[in-house]
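Working through the structure, step by step
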Amino acid sequence: MAAPAVKILSWGTHVPERVVTNDELSLSLDTSDEWISSRSGIRERRIADDGEAASDLGAAAAKKALDAAGLGPAQLDLIIVASLSHDAPFPATASYLAGRIGADGVPAFDVSAACTGFIYALAAGRAFVAAGQATRVLVVGAEVVSRMIDWSDRSTAVLFGDGAGALVLGPAAAGEEGIIGFDLGNEPSGTELLKLPAGGSRLPARPETVAGRQHYLKMNGREVFRFATRVVAASAQRVLAKYDYDVSDVDLFVPHQANIRIIDAAARKLGLPPERIFTNLDRYGNTSCASIPICLDEAAAAGRLERGSLVLMTGFGAGLSWGSCLARW
Ligand code: UT7
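Residues numbered from 1 in each chain as written. Predicted model: local features only at pLDDT ≥ 70, side-chain atom pairs only at ≥ 80, totals over all residues. Heavy atoms only, no water.

The next subject is the sheet that holds strand E13 (residues 321-328). Spatially, four strands are ordered E8-E13-E12-E11 in an open sheet, and the strand pairing comes out mixed. The strands lining the two open edges of the sheet, one partner per strand, are strand E8 (179-186) and strand E11 (252-255). Taken pair by pair, the neighbouring strands of this sheet meet at an average axis angle of 10 degrees, ignoring direction. Alignment of E11 against strand E12 (residues 310-317), held across four bridges, turns out to be parallel. Bridge pairing links valine 254 to methionine 313 in E12. Helix H5 (residues 117-130) contacts E8, E12 and E13 of the sheet and is inclined by roughly 130 degrees relative to E8. (Pairing = 2+ DSSP bridges. Helix = DSSP H or I, 4+ residues; strand = E, 2+ residues; numbered from the N terminus. Axes fitted to C-alpha atoms, helices over the stretch in contact; angles between N-to-C directions. Contact = heavy atoms within 4.5 Å.)

This is the structure we're talking about:
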């Protein structure tokens, strides 16, 4: 018997108020608006206030998604948060977020798959509903990546931003397709190419790790770029083929917002015209797990996602991981 269909019931986002432009970054870094915008497509990003953590942004997005679904926090059966900038190594950011939205007693856990985390969290949430273990699942991508950034490293500091996006999942009505399926994968040969080296059990926090600046995100940009340009189109093609769809069926492609050149390369390989691709990285930079849900919210608000639209989402990031999701909006 086929698993029951699961659909996206509602969505919401929250981004910090503070806008930091490329010109502002150029005041403290040896960089320029010309370099950043031509190499990445990013023009500005949002940066959280000192007191704001991932669960604060995530909770604000979650409240909007719950309001849009007409649900209270007690009606949730599960909360899943995807993040690489957790409030703390533990407890789960989902536990903090549950407290902030008043979801007392609701099970809550985190998914850690770097920037691909949101797609993995979506797959997990869908699986819980399809298996009958939950009816309403809140899936959140929430990031304050700015805390993980070495603000003296121009090769990473210019790329990232903060924000959060949330979806509520639930059973689809009879005849509705909802979330169609996933393509998920990981290349462990690339684990060293993008990481935050210290603060875990391999390299615990010590005075030497702090002195050695080991608590900041490190990236081999060129290699990650090569990986991304290879994997985004390939994963998108795989998920379409797996569920018997063609690129021409896709109404909107929502890729992870890391670099416009990665998105353009994928679009060329897939043969997708610009009007069927959603981008907003010029305004937010790379918000890691939050990038895809923020795009979904903005695309829906702009009328580019309507009931029945076929949406293809593809994420990638540290791991090196990737994931695509095909869904009927
Ligand atoms: O979600 C996580 C996934 N992460 C990504 O997807 C990132 C993937 N990688 C990228 O997006 C690109 O590789 C970058 C945007 C990070 C870099 O672009 P690139 O065209 O690959 O530049 P590059 O690393 O080859 O660097 C070219 C030059 C270097 O100078 P030299 O060695 O040619 O003299 C860098 O030192 O640009 C220099 N550079 C900068 N110059 C001005 C690096 N960062 C900057 C900067 N401003 N911010």
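Counting residues in hydrophobic clusters, the biggest one holds 45 residues, and the most contacted among them are Val232, Leu240, Phe253, Leu270, Leu312, Phe316 and Leu326. Elements supplying a minimum of two residues to this core: helix H8 (221-242), helix H9 (260-270), E12 and E13. A total of nine residues in this core trace back to one element, the largest contributor, which is H8. Structurally, this core is a two-domain feature, drawing no fewer than three residues from each of domain 1 (6-171) and domain 2 (179-328). Judged by nonpolar contacts, the second largest core, of 35 residues, contains Phe118, Leu252, Cys295 and Cys325. (Core = buried A, V, L, I, M, F, W, Y, C linked by side-chain atoms within 4.5 Å. Buried < 20%, exposed > 50% of the residue type's maximum accessible area, 1.4 Å probe, protein only. Domains from an automatic or database assignment.)

Time to look at the packing of helix H3 (residues 54-69) against helix H4 (residues 93-101). When two helices pack together, their arrangement is given by the angle between their axes and by how far apart the axes lie. At a closest axis distance of 9 Å, the pairing of H3 and H4 adopts a crossing angle of 55 degrees. By the criterion of interaxial angle, the relationship of H3 to H4 is oblique. For H3 against H4, the interelement crossing comes out right-handed. Facing H3, whose interface residues are Ala54, Ser55, Asp56, Gly58, Ala59, Ala62, Lys63 and Leu66, H4 presents Thr93, Tyr96, Leu97, Arg100 and Ile101. The class makeup of the residues in the contact of H3 with H4 is seven nonpolar, three polar and three charged. (Parallel < 35°, antiparallel > 145°, perpendicular 65-115°, else oblique. Left-handed = near helix turned anticlockwise from the far one by under 90°. Nonpolar A, V, L, I, M, F, W, Y, C, P; charged D, E, K, R; others polar.)

Next up on the list: unusual backbone geometry. Geometrically, the link from phenylalanine 90 to proline 91 is a cis peptide bond, its omega value of 0 degrees lying close to zero. Relative to the assigned elements, proline 91 resides in the loop between strand E4 (78-82) and H4. With an omega dihedral of -10 degrees, the bond running from glycine 319 to leucine 320 counts as a cis peptide bond. Topologically, leucine 320 is positioned in the loop between E12 and E13. Of note, the phi angle at arginine 213 is positive, near 55 degrees, even though the residue is not glycine. One can find arginine 213 in the loop between helix H7 (207-211) and strand E10 (218-219). Given the relative accessible area of 36%, arginine 213 is considered partly exposed.

Here is the key point about a regular strand: its side chains alternate between the two faces of the sheet. With seven of eight residues buried, E13 is to be regarded as a mostly interior element. Note: E8 against E13, seven bridges, orientation antiparallel. Bridge pairing in E13 places leucine 184 opposite glycine 323. As defined by bridge partners, E12 adjoins E13 across eight bridges and the pair is classed as antiparallel.

This paragraph deals with the site of the ligand. For the ligand, the set of nearby residues contains 22 residues, the closest of which are Thr31, Arg39, Arg222, Asn259 and Asn286. A distance of 3.2 Å separates an oxygen atom of the ligand from a polar side-chain atom of tryptophan 35. Glycine 221 places a main-chain nitrogen or oxygen 3.0 Å from a nitrogen atom of the ligand. Compared with its free state, where it exposes 950 Å², the ligand has 76% of that area covered by protein. When residues of the shell around the ligand are traced back to their parent elements, those giving at least two are helix H2 (33-40), helix H6 (154-157), H8 and H9. When residues in the shell around the ligand are grouped by element, the largest group, four residues, is from H8. Taken together, the residues that form the shell around the ligand break down as eleven nonpolar, six polar and five charged. Residue contributions to the shell around the ligand reach at least three from each of two domains, namely domain 1 (6-171) and domain 2 (179-328). (Near = heavy atom within 4 Å. Polar contact = N/O pair within 3.5 Å; in protein donor to acceptor, adjacent residues only side chain to side chain. Areas by Shrake-Rupley, 256 points an atom, 1.4 Å probe, with all protein chains shown as cover.)

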